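Residue-level structure breakdown
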Amino acid sequence: MTARRLHLVRHGEVHNPKRVLYGRLPDYHLSRAGRRMARDAAEHLASRGRPVSELRCSPLERTQESAEPFTELFGLEATHDARIIEPANVFEGQRMSRALRNPFNWRHLRRPSVPSWGEPYTSIATRMRAAMDESWDAAERAAAGYDGDIVFISHQAPIWITHLSVAGLTLQHDPRTRRCALSSITSFERVGDVWREVDYAEPAAKGVDLGAV
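Note that the coordinates shown come from a computational prediction; the quantities given were computed from them, not determined experimentally.

About the thresholds
Residues numbered from 1 in each chain as written. Predicted model: local features only at pLDDT ≥ 70, side-chain atom pairs only at ≥ 80, totals over all residues. Heavy atoms only, no water. Pairing = 2+ DSSP bridges. Helix = DSSP H or I, 4+ residues; strand = E, 2+ residues; numbered from the N terminus. Contact = heavy atoms within 4.5 Å. Axes fitted to C-alpha atoms, helices over the stretch in contact; angles between N-to-C directions. Left-handed = near helix turned anticlockwise from the far one by under 90°. Phe/Tyr/Trp six-rings, centres within 6.5 Å; stacked < 30°, edge-to-face > 60°. Buried < 20%, exposed > 50% of the residue type's maximum accessible area, 1.4 Å probe, protein only.

1. Concerning the sheet that holds strand E3 (residues 79-80)
The six strands lie next to each other as E3-E2-E4-E1-E5-E6, forming an open sheet whose pairing is mixed. One side of each edge strand has no neighbouring strand; the edge strands of this open sheet are E3 and strand E6 (194-201). With seven bridges connecting them, strand E5 (residues 185-191) and E6 associate as antiparallel partners. Residue Glu189 lies in a different strand from E6, and its bridge partner there is Arg196. Where helix H2 (residues 61-74) meets the sheet, it contacts strand E1 (6-10), strand E2 (52-57), E3 and strand E4 (149-154), and its direction lies at approximately 165° from that of E2.

2. Quick look at the packing of helix H1 (residues 32-47) against H2
When two helices pack together, their arrangement is captured by the angle between the axes and the distance separating the axes. Contact geometry for H1 and H2: axes closest at 8 Å, N-to-C directions at 35°. Pair H1 / H2 crosses with right-handed handedness. On the side of H1, the interface is formed by Arg35, Ala38, Arg39, Ala41, Ala42, Glu43, Leu45 and Ala46, while H2 contributes Glu65, Ser66, Glu68, Pro69, Phe70, Glu72, Leu73 and Phe74.

3. Some details on the packing of aromatic side chains
Two numbers describe a pair of aromatic rings. These are the distance of the centres and the angle of the planes. All told, the structure shown has three aromatic pairs when counted by the stated rule. With a centroid separation of 5.4 Å and 35° between ring planes, the pair formed by Tyr22 and Tyr28 is classed as tilted. An identical accessibility class is assigned to Tyr22 and Tyr28; each is buried. Judged by centre distance (6.3 Å) and plane angle (20°), the rings of Phe70 and Phe74 are stacked. In this pair, Phe70 and Phe74 both sit in helix H2, four residues apart, roughly one turn of the helix.

4. Some remarks on the environment of Phe74
Using a relative accessible area of 18% as the deciding quantity, one classes Phe74 as buried. Taking C-alpha positions, Phe74 is 15 Å from Cys57, a pair spaced 17 residues apart along the chain. Beyond its immediate chain neighbours, meaning those up to four positions away, Phe74 contacts Ala42, Leu45, Ala46, Arg50 and Val52.

Have a look at this one:
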């Protein structure tokens, strides 16, 4: 019997000509390349022959648009889940290269372990784990055995924080070191109450990764 998996899929490339940190700001949509990347991710999962029984995405436009090819290929409507959204960030709407040169902003960098510029890493890990547990438990109640995988379309920071949390690593990190490419797929299984990461894939061509928190 095939084991069920929960896949955290990052959205595709965003149209961001001003190269600002967009965070939770509205009206940031996928670029043309980003739509192709989202389809590549959906087709990659479909090519594995793994049925999908649930599809969730964050309420932001770029994740909703990245969910569309999954809807087409797997016949599922995406449920919006605010627990898998991008974390808030005080630098939203700014170009980071300029913001960091402004001494007024340096106070936001005083405690990177929290981090002091946005939502605490522990908060991100808690809400992501709650969404994952809820979805997994509901699937187990609905059917005995393998009923289909679960797909969450989310964002770089929540996915990477989940990776660190599941691996038992410290949540403090340098955002530049994250292994979470655009339209990447990070896959997990849960045995009892214990999550483990079982796969990571980058099925899409490299995009311009700008504006991530």
